[in-house]
Amino acid sequence: MKAGEQSPGSKPLTLGDLRAMRESGEPIACLTAYDSTFAVAQEAAGVDLILIGDTLGMVVQGHDSTVPVRVDDIIYHTQCVTRAVRRPWVVADMPFLSVRSPQVAVEAAGRMMQEAGARMVKLEGGESQVAVTRALADQGIPVCGHLGLQPQLVHKLGGFKVQGREAAAAQAIVDRACELEQAGADMLLLECVPNAVTQGVVAATSVPVIGIGAGPHAHGQILVMHDMLGVTAGRKPRFVKNYMAEAGGVEAAFASYVGEVKSGAYPQPTHGFG
Ligand code: KIV
């Protein structure tokens, strides 16, 4: 399929569809994408949710963190994706400092929806983002809260480290998840947390929970596309599986990933943190 072509019968997924997948136990298969060619291949492979992540700063722009990414970068890459796909639920990432106040966040998220066609925005953060989430939700903007490892804080954290290992930190993540849901978040993403923390969040909330390095208990899984295609330079996080290694091409790699997420074959306990 080329950019702009639609697979027959591919109705756009809605938030209701994603909630129904949570209820029915059908895992939600998610990947990042940043351009139309890969987004089309992901749609053809059955990917349910495409995130235009601020990881584009690292895998596309060549920075060593996501910090330099700007709202305009996310808008440009989201436009590249939304022009090309129909069925996947498209989520745009709120980059560093774009959520520094409710007003700034509403303006940036509004542009992502109006200029780029995003259906949801994702924002990193805990306590300080509860008010921002409420402001976005009040304007009718679907929100995914991102908890656990927050790569935008890399310079404060001193690296990309697993979060929520100690009991108090684990409880704080579960508490934040509840606060974000109460503030209006429609989805949660957990990055690099022990499996038990994911179980705690899933039990305490009623929205779809997507995991990355968060074990097998989330309602959906996401990976950075370049990581699962095995083309990212440097050390790979332990939760990443290289789907290109055995596939004959990019589409087959995406299809294999979707198949393994849907069947529960990915992630294995070895891909998570105890
Ligand atoms: O920016 C991104 O790609 C992300 C993933 C790590 C989920 O947030």
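Further up the page is the structure itself.
All figures in this text were calculated on a predicted structure; none of them were measured in a lab.

1. Observations concerning the overall build of the protein
Move 1: Scanning the protein from terminus to terminus reveals 11 helices and eight strands.
Move 2: Expected size for 274 residues packed as a compact globule is a radius of gyration near 19 Å; at 17 Å, the protein falls within 12% of this value.
Move 3: Within the protein, the fraction of its 274 residues that count as buried is 54%.
Move 4: Here the contacts in the protein between residues at least 6 apart in sequence split such that 63% fall between residues at least 24 apart.
Move 5: As displayed, the protein offers around 11300 Å² of accessible surface, 52% of which is attributable to carbon and sulfur atoms.

2. Some points on the side chain of His271
Move 1: Secondary-structure assignment places His271 in the segment after helix 11 (250-263).
Move 2: Since its relative accessible area comes to 13%, His271 is described here as buried.
Move 3: If we ignore the near neighbours within four places in the chain, the residues touching His271 are Gly213, Arg238, Phe239, Val240, Lys241 and Tyr266.

3. Concerning the pattern of salt bridges
Move 1: Summed over the entire model, instances satisfying the criterion amount to 11 salt bridges.
Move 2: Put simply, Asp93 and Lys122 hold a salt bridge, and the shortest N to O gap is 2.9 Å. Pair noted here: Asp93 is in strand 3 (residues 89-93) and Lys122 is in strand 4 (residues 120-124), with a separation of 29 residues, a long-range link. Across the pair, Lys122 and Asp93 agree in class, each one buried.
Move 3: Here Glu179 and Arg176 are joined by a salt bridge, their closest N and O atoms 3.1 Å apart. Residue Glu179 and its partner Arg176 are located together in helix 8 (residues 167-183), separated by three residues, close to a single helical turn.

4. A word on the site of the ligand
Move 1: The local shell around the ligand consists of Thr32, Leu51, Gly53, Asp54, Thr55, Asp93, Lys122, His146, Leu189, Glu191, Ile212 and Ile222.
Move 2: Taking Thr55, its side chain carries an N or O atom lying 2.5 Å from an oxygen atom of the ligand.
Move 3: One nitrogen or oxygen atom from the side chain of Lys122 is found 2.9 Å from an oxygen atom belonging to the ligand.
Move 4: Grouping the amino acids of the shell around the ligand by side-chain chemistry returns four nonpolar, four polar and four charged.

5. Considering the state of the cysteines
Chemically, a disulfide is nothing more than a covalent bond linking the sulfur atoms of two cysteines.
Move 1: On inspection of all chains with the given rule, the structure shows zero disulfides.
Move 2: Cys144 provides the cysteine sulfur closest to Cys30, a residue in no disulfide bond, and the two sulfurs are 8.9 Å apart.
Move 3: A residue is classified by how much of its surface remains accessible, and Cys144, at 2% relative accessible area, is buried.

6. Digging into helix 9 (residues 195-204)
One turn of an α-helix holds 3.6 residues; hence residues three or four places apart share an orientation.
Move 1: All buried positions along helix 9 are accounted for by Asn195, Val197, Thr198, Val201 and Val202. Buried residues in helix 9, looked at end-on, bunch into an arc of 160°, giving them a common side. Opposite the buried face of helix 9, at more than 90 degrees from it, the exposed residues are Ala196 and Ala203.
Move 2: Summarising the contacts, the buried residues of helix 9 are in contact with helix 1 (15-24), helix 8, strand 6 (187-191) and strand 7 (209-212).

7. Looking at unusual backbone geometry
Move 1: Geometrically, the link from Tyr266 to Pro267 is a cis peptide bond, its omega value of 0° lying close to zero.
Move 2: With respect to the helices and strands, Pro267 occurs in the segment after helix 11.
Move 3: Of note in this structure, Leu97 is not a glycine but carries a positive phi near 70°.
Move 4: If you trace the backbone, Leu97 turns up in the loop between strand 3 and helix 5 (102-114).

8. Brief notes about the nonpolar core
The nonpolar side chains of a soluble globular protein tend to be buried, and buried together.
Move 1: Core analysis: the largest hydrophobic core is formed by 70 residues, its most contacted members being Met94, Met112, Leu136, Leu223 and Tyr257.
Move 2: Those residues within four positions of Leu136 in sequence are excluded, and the remaining contacts are Ala105, Val106, Ala109, Val121, Leu123, Ile141 and Val143.
Move 3: Core analysis: the second largest hydrophobic core is formed by 19 residues, Ala170, Ile173, Val193 and Val201 among them.

9. Re the pairing of strand 2 (residues 49-52)
Move 1: Residues of strand 2 alternate between two faces, with Leu49 and Leu51 on one and Ile50 and Ile52 on the opposite face, all of them buried.
Move 2: Strand direction decides the pairing type here: strand 1 (residues 28-32) and strand 2, joined by three bridges, are parallel. Across the sheet, the residue bridging to Thr32 is Leu51, located in strand 2.
Move 3: Running through helix 2 (residues 36-45), the crossover from strand 1 to the neighbouring parallel element strand 2 is right-handed.
Move 4: The pairing of strand 2 with strand 3 spans four bridges and is parallel. When the bridges of strand 3 are listed, Leu51 appears paired with Val91.

Reading the values: the criteria
- Chains are numbered independently. Their residues run from 1 in the order of the written sequence.
- Selection of residues for local features in this predicted model requires a pLDDT of at least 70, selection of side-chain atom pairs for listing and counting requires 80 or more, and totals for whole chains, interfaces and linings are taken over all residues.
- For the side-chain quantities, the full set of heavy atoms in the structure was used; hydrogens and water were omitted.
- Secondary structure counts use DSSP, requiring at least four H or I residues in a row for a helix and at least two E residues in a row for a strand, with both numbered from the N terminus.
- Restricting the calculation to C-alpha atoms gives the radius of gyration, and the globule rule supplies 2.2 Å times the number of residues raised to the power 0.38.
- Any residue under 20% of the maximum accessible area for its type is buried, any over 50% is exposed, and the rest in between are partly exposed; the area is computed with a 1.4 Å probe on protein chains only.
- Any two residues whose heavy atoms approach within 4.5 Å at even a single point are treated as in contact.
- Residue exposure ignores everything except the shown protein chains as possible cover, and the areas themselves are Shrake-Rupley values with a 1.4 Å probe.
- Salt bridge, as used here: a side-chain nitrogen of Lys or Arg that lies within 4 Å of a carboxyl oxygen of Asp or Glu.
- Throughout, near means a residue has at least one heavy atom within 4 Å of the molecule or strand.
- Side-chain atoms alone can form a polar contact between residues adjacent in sequence; in general such a contact is a pair of N or O atoms within 3.5 Å, and within protein one must be able to donate a hydrogen while the other accepts it.
- Lys, Arg, Asp and Glu make up the charged group, whereas Ala, Val, Leu, Ile, Met, Phe, Trp, Tyr, Cys and Pro make up the nonpolar group; the residues left over, Gly among them, are polar.
- In plain terms, two cysteine sulfur atoms within 2.5 Å form what is called a disulfide here.
- Here, the arc refers to the directions that run from the helix axis to the C-beta atoms.
- We call a set of buried Ala, Val, Leu, Ile, Met, Phe, Trp, Tyr and Cys residues a nonpolar core when their side-chain atoms join them within 4.5 Å.
- A pair of strands is treated as paired once DSSP finds two or more bridges between them.
- A clockwise path from the first strand over the helix to the second, with the strands pointing away from the viewer, defines a right-handed crossover.

Function-wise, these values are silent; they only describe arrangement.
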